[in-house]
Amino acid sequence: KRAKSSKDKIIFYNILIDNELQEKSTKERDLREAFHNRELKIFLQPICKYDKTIVGAEALLRWVKKDGSVLPPIEFIQLLEENGMIVSVGEEILRQVCEVLSENNELKFIDINVSPVQLRDEKMAERFFNIVSSYEIDPSKIVIEITENILIDMNDIVKNNIDKLLKYGFELCIDDFGTGYSSLAYLTLLPLKKIKIDKSFVFRLPDDRKSIKLLEAIYNIAKAFQLEAIPEGVENEKQLEILSMIGYKLFQGFFFGKPVPTYEFLKRLTKE
Ligand code: C2E
Ligand code: MG
Ligand code: MG
Ligand code: MG
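Under the annotation held in an unreviewed UniProt entry, the protein carries the name Diguanylate cyclase/phosphodiesterase with PAS/PAC and GAF sensor(S) and is attributed to Fervidobacterium nodosum.

### Structural notes on the site of ligand 1
Every one of the 21 residues lining ligand 1 counts as a neighbour, but Arg 62, Asn 113, Asp 175, Glu 235 and Phe 254 are closest to it. In the environment of ligand 1, an oxygen atom lies 3.1 Å from a nitrogen or oxygen atom belonging to the side chain of Glu 58. Within the side chain of Asp 176, one N or O atom sits 3.0 Å away from an oxygen atom of ligand 1. Here ligand 1 has 800 Å² of accessible area as a free molecule, and 81% of this is covered by the chains. Among the detected pockets, ligand 1 sits in the largest pocket. Within the residue set of the shell around ligand 1, elements represented by two or more residues are strand 2 (54–64) and strand 6 (171–177). Per element, the largest residue contribution to the shell around ligand 1 is four residues, and it comes from strand 2.

### Let's talk about the coordination of the magnesium ion (ligand 3)
Around the magnesium ion (ligand 3), the protein contributes the donor atoms Asn 113 (OD1) and Asp 175 (OD), at 2.1 to 2.6 Å from the metal centre. Between the two metals, the magnesium ion (ligand 3) and the magnesium ion (ligand 2), the spacing is 3.3 Å, and Asn 113 donates to both. A residue pair is termed long-range when its members are at least 10 positions apart, and Asn 113 in strand 4 (residues 109–113) and Asp 175 in strand 6 qualify at 62 residues. Residue classification places Asp 175 among the buried residues on the basis of a relative accessible area of 7%.

### Examining the layout of surface pockets
The computed volume of the largest pocket comes to approximately 1000 Å³. In this structure, the largest pocket is lined by 38 residues; those nearest its centre are Glu 58, Leu 60, Pro 73, Asn 113 and Asp 175. Looking at the lining of the largest pocket, the elements that each hand over two or more residues are strand 1 (40–49), strand 2, helix 2 (77–82), helix 3 (86–103), strand 4, helix 4 (116–119), strand 5 (142–147) and strand 6. Top element by residues in the lining of the largest pocket is strand 2. It accounts for five residues. For the lining of the largest pocket, the residue count by class is 16 nonpolar, twelve polar and ten charged. Size it by volume and the second largest pocket reaches roughly 270 Å³. The wall of the second largest pocket is formed by Lys 24, Lys 27, Pro 73, Ile 74, Glu 75, Phe 76, Ile 77, Gln 78, Leu 79, Glu 81 and Glu 82. Of all the secondary structure elements, the ones that give two or more residues to the lining of the second largest pocket are helix 1 (6–36) and helix 2.

The rules behind each value
Along every chain, residues carry numbers that run from 1 in the direction the sequence is written. Here the convention is simple: chains get letters from A, ligands get numbers from 1, in the order in which they are written. Since the coordinates come from a predicted model, pLDDT governs what is reported: local features require at least 70, and pairs of side-chain atoms require 80 or more to be given and counted, while whole-chain, interface and lining totals use all residues. Values shown for side chains rest on all heavy atoms present in the structure; no hydrogens or waters enter the calculation. One heavy atom within 4 Å of a molecule or strand is enough for the residue carrying it to be called near that molecule or strand. A 3.5 Å cut-off defines polar contacts: any pair of N or O atoms within that distance qualifies, except that in protein one atom must be a possible hydrogen donor and the other a possible acceptor, and neighbouring residues in sequence count only when both atoms are side-chain atoms. Each accessible area is a Shrake-Rupley estimate made with a 1.4 Å probe; only the visible protein chains count as cover when residues are assessed. Note on definitions: the grid is 1 Å and covers protein atoms alone; a cavity is a set of points where a 1.4 Å probe fits but cannot get out; a pocket is an open set with protein on both sides within 12 Å along at least five of seven lines; lining residues have an atom within 4 Å of a point. The way we define it, a molecule is inside a pocket or cavity when more than half of its atoms are within 2 Å of that pocket's grid points. Runs of E in the DSSP output that reach at least two residues are strands. Runs of H or I that reach at least four are helices, and both are numbered from the N terminus. Donors, by definition, are the N, O and S atoms found within 2.8 Å of a metal, the threshold being 3.2 Å for Na, K and Ca, and water is not counted, so a site can look incomplete. Burial here depends on accessible area, computed with a 1.4 Å probe over protein chains only, as a share of the maximum for the residue type. Under 20% is buried, over 50% is exposed, and the range in between is partly exposed. Grid points are joined across faces, edges and corners, and a volume is the space filled by probe spheres set on the points. Under the scheme applied, nonpolar residues are Ala, Val, Leu, Ile, Met, Phe, Trp, Tyr, Cys and Pro; charged residues are Asp, Glu, Lys and Arg; polar residues are all the others, including Gly.

Listed below in structure tokens is the structure:
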């Protein structure tokens, strides 16, 4: 009973693989439907000064289902990238961001995450520019977040898109700084606006000496290149105190606010 023949095993594995494929295609169909029904929405997380005043926000994608449940991007972004849907979803994200910016003039910027798949799409930069133009939004209010890993296999299309985005006036940011591609050469090559410091570096504050050293070093790099540096994942006051002592001026994290639906975010903004 226990010992399976290799033929049995193959049949068993095939069933597993079939189930997996089945699940994936169901999820894919659900996602298309969700996109069509406008269930893919941005949430906004505030980016604040020390005193908690909001200066900007990061747009973070959520799947808000009809039953009210909210799925985080880890559950579906990869699938959107694999089937290419991220291109149209990414444009929809930009439209939602433009809507928020046209409703509020005090927000200095909104950061949006852009996937490598989007940057490998030839007409990406033009389409982004057309969208902000149609809303009459100043592109410099939109900060495009890319990760260091996109720079590893920087092909002509990606390079072209980045060049054009910059030419149109969008700002550029390195997300999860220090966790990806371990070459800093891009700091001399790309006209960046800012870097986002990965939460893994903030996580061990306030007690970890080595994290403090690293955050000081990163702060000095940012300063030398005249970049804004925003630590992510600031969850408590002690972390904030240390970061602020090092010199950081802008912060993002649950201590300042979780990502919330756009109407909720705008409500908080107008109360300030
Ligand atoms: P990210 O761009 O590094 O975004 C920051 C993540 O950290 C967000 O997770 C945010 O909710 C979370 N976060 C913020 N403050 C804290 C904190 O104080 N503590 C902790 N533990 N976490 C905090 P989220 O929203 O689940 O997004 C995860 C990743 O998914 C993002 O990482 C980004 O890489 C990707 N993503 C999110 N939205 C989009 C999108 O619209 N397009 C694309 N292509 N990727 C997206
Ligand atoms: Mg980000
Ligand atoms: Mg990111
Ligand atoms: Mg990040």
